[in-house]
Amino acid sequence: MTASSFIVKRDDLRQTRSVDDAAATSPLPAGAVRARIDLFALTSNNVTYGAFGDTMHYWDFFPCEVAGFGHVPVWGFADIVESQAEGVVVGDRCYGYYPMSSHVILEPVQAGRTGFVDAAAHRQALHALYNKYLCTTGDPLYRREHEAEIALLRPLFTTSFLIDDFLADQGFFGARSVVLASASSKTAYGTAFCLSQRRGTPGAPRIVGLTSPANVAFTRGLGCYDDVVAYDEFERLPADEPCVYVDMSGSAPLRERVHAHWNDRLMHSCAVGGTHWSELGGGQGLAGPRPVLFFAPAQAQKRIAEWGGAGLAQRIAAAWTAFMKPVTDPASPWLTVVRGHGAREVEAAWRGLIEGGADPRRGQVLRL
């Protein structure tokens, strides 16, 4: 039986190791379950988890016994293979937040038809959004044939939906355009898709994508951006048009150029991701507004208070259903699933992401 974990050095994402997975064989505490992780997605979002691991406590979800290393969290599906928890049975298949490992031990509470919450002591101070596990039998969005797309896009699209909702809630800060960096990334084009659904409504902004020259054609072909510009050419965009900057890249040099170009016409600078993780930097000394880190769970909690949990879920589900149409379009899908198995393929997929050479058309799902 394969029993391994893929871990990453916390202060240098290039350094990785494959180690034995203790969760596969360690004694199962009372009230706990052991799950075999069957598939997980690996995207630039996971690079962001590593890049902001200390700031946003992503390293804290799955403690690592190897000093200086950590488990980068991933989203995927796992099967319960052993259970000492009431309401969770062997054979249950669960979608949620996992380490890049073969197995995980969870401590379920509030177990029911739709899933459970992991009540492990070390996770209690962490945001509840990441501690919820959904049983596939009670998940209205679940489709067996779309498991890969769910793992790849569902957590990213939830963030995309909440970014769009946040900006609209703020009246787009008075801007006439929204500029998204790392526009070919899945979170960025999910956000652009949500923004594009507002076309023709009062106050709807233009949607502008910034990306590498190699990804311009792909990003334009999506159809959800009004304009797509390579990083080395964006200064041709009008500097007098008020805009919002949504930064999925985290690149400090790019952020400095964007702020310098729009200056006081930059109405809001929204920091989301770290796809350009090696170029991360702070917001000191920038022209225009200070960047503000977007934390999706905070916007989710605001909407839950206003709409209720079911109301938010219904809105996300409707947007997700619309998004899945172009993503899985048989004639011209936005995403092609690529599968891999074993430590070597996981390492190759991770290295491709951190080196910035991943094909945006491909979505990688893996298993250790």
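Residues numbered from 1 in each chain as written. Predicted model: local features only at pLDDT ≥ 70, side-chain atom pairs only at ≥ 80, totals over all residues. Heavy atoms only, no water.

Draft legend 1. Helix α7 (residues 309-327), seen in detail. Under the 1.5 Å per step criterion, the end-to-end length of α7 is 26 Å for 19 residues, consistent within 8% with the ideal 27 Å. Turning to α7, its buried residues are Gly311, Leu312, Ile316, Ala319, Trp320, Phe323, Met324, Pro326 and Val327. Buried residues in α7 make contact with α2 (147-169), α3 (186-196) and α6 (296-307). (Helix = DSSP H or I, 4+ residues; strand = E, 2+ residues; numbered from the N terminus. Expected span 1.5 Å × (residues − 1). Buried < 20%, exposed > 50% of the residue type's maximum accessible area, 1.4 Å probe, protein only. Contact = heavy atoms within 4.5 Å.)

Draft legend 2. Structural context of the environment of Leu167. Relative to the assigned elements, Leu167 resides in helix α2. Distance from Leu167 to Val244, taken between C-alpha atoms, is 8.8 Å for residues 77 residues apart in sequence. In this view, Leu167 contacts Phe172, Phe173, Val178, Val244 and Val246; residues no more than four positions away in its chain are not counted.

Draft legend 3. Representation of unusual backbone geometry in the model. A positive phi angle, close to 55 degrees, is found at Ser182, a residue other than glycine. Mapped onto the fold, Ser182 is located in the loop between β11 (177-181) and α3. Note on Ser182: relative accessible area 8%, which makes it buried. A positive phi angle is found at Asn263, which is not glycine, with a value near 50 degrees. Its location among the elements puts Asn263 in the loop between α5 (252-262) and β15 (266-271).

Draft legend 4. Examining the packing of α2 against α3 more closely. Where α2 meets α3, the closest approach of the two axes is 8 Å, and the angle between their N-to-C directions is 45 degrees. Accordingly, the angle class assigned to the pair α2 and α3 is oblique. Judged by the sense of rotation from one axis to the other, the crossing of α2 with α3 is right-handed. Facing α2, whose interface residues are Leu153, Leu156, Phe157, Thr159, Ser160, Phe161, Ile163 and Asp164, α3 presents Lys186, Thr187, Tyr189, Gly190, Thr191, Phe193, Cys194 and Leu195. (Axes fitted to C-alpha atoms, helices over the stretch in contact; angles between N-to-C directions. Parallel < 35°, antiparallel > 145°, perpendicular 65-115°, else oblique. Left-handed = near helix turned anticlockwise from the far one by under 90°.)

Draft legend 5. Representation of the pairing of strand β10 (residues 132-135) within the structure. Direction of pairing for strand β6 (residues 93-98) relative to β10: antiparallel, over a ladder of 2 bridges. Paired with Tyr95 across the bridge in β10 is Leu134. (Pairing = 2+ DSSP bridges.)

Draft legend 6. Representation of the sheet that holds strand β1 (residues 4-9) within the structure. Strand order in the open sheet made by the 3 strands is β2-β1-β4, with antiparallel pairing throughout. Every other strand in the sheet has two partners, leaving β2 (12-20) and β4 (69-70) as the edge strands with one partner each. Pairing between β1 and β4: 2 bridges, direction antiparallel. The residue of β4 that forms the bridge with Val8 is Gly70. Helix-sheet contacts for helix α8 (residues 343-354) involve β1 and β2, and the interaxial angle to β2 is about 170 degrees.

Draft legend 7. Fine view of the sheet that holds strand β12 (residues 206-211). In space, the 6 strands of this open sheet follow the order β13-β12-β11-β14-β15-β16, with parallel pairing throughout. Each edge of the open sheet is held by one strand with a lone partner, namely β13 (227-230) and β16 (292-293). The pairing of β11 with β12 spans 5 bridges and is classified as parallel. Note that in β12 the partner of Ser177 across the bridge is Arg206. Those strands touched by α5 are β11, β12, β14 (243-247) and β15, and its axis lies near 180 degrees from that of β14.

Draft legend 8. Examining the packing of helix α1 (residues 44-51) against α8 more closely. Following both chains from N to C, one finds α1 and α8 inclined at 80 degrees, their axes separated by 9 Å at the closest point. As summarised for this structure, α1 and α8 are arranged roughly perpendicular, according to the angle between their axes. Facing α1, whose interface residues are Ser44, Asn46 and Val47, α8 presents Trp350, Leu353 and Ile354. Residues that form the contact of α1 with α8 fall into these classes: 4 nonpolar, 2 polar and no charged. (Nonpolar A, V, L, I, M, F, W, Y, C, P; charged D, E, K, R; others polar.)

Draft legend 9. A look at the confidence of the model for the protein. Per-residue confidence for the protein gives a mean pLDDT of 91, with 96% of residues at or over 70. Taken together, the stretch residues 275-280 has pLDDT below 50 and engages in 26 contacts with residues farther than four places along the chain or on a different chain. (pLDDT = per-residue confidence, 0-100.)

Draft legend 10. Representation of the state of the cysteines within the structure. Applying the stated criterion across every chain yields a total of 0 disulfides. Of the cysteine sulfurs around Cys135, a residue in no disulfide, the closest is that of Cys94, at 4.1 Å. No disulfide involves Cys194; its sulfur sits 9.6 Å from the nearest other cysteine sulfur, which is in Cys224. On the basis of relative accessible area, Cys194 is assigned to the buried category, the value being 7%. (Disulfide = S-S within 2.5 Å.)

Draft legend 11. The arrangement of the nonpolar core in detail. If you look at the biggest cluster of nonpolar residues, it comprises 96 residues, and the most contacted ones within it are Tyr189, Tyr225, Val246, Phe323 and Trp350. Top contributing element to this core by residue count: α2, with 11 residues. Of all hydrophobic cores here, the second largest spans 14 residues; its members include Ala181, Leu237, Trp262 and Leu266. (Core = buried A, V, L, I, M, F, W, Y, C linked by side-chain atoms within 4.5 Å.)

Draft legend 12. Highlighting α6. Spanning 12 residues, α6 covers 16 Å between terminal C-alpha atoms, matching the ideal 16 Å at 1.5 Å per step. Summarising the contacts, the buried residues of α6 are in contact with α2 and α7. Following α6 by one or two positions, Gly308 has its phi on the positive side, about 85 degrees.

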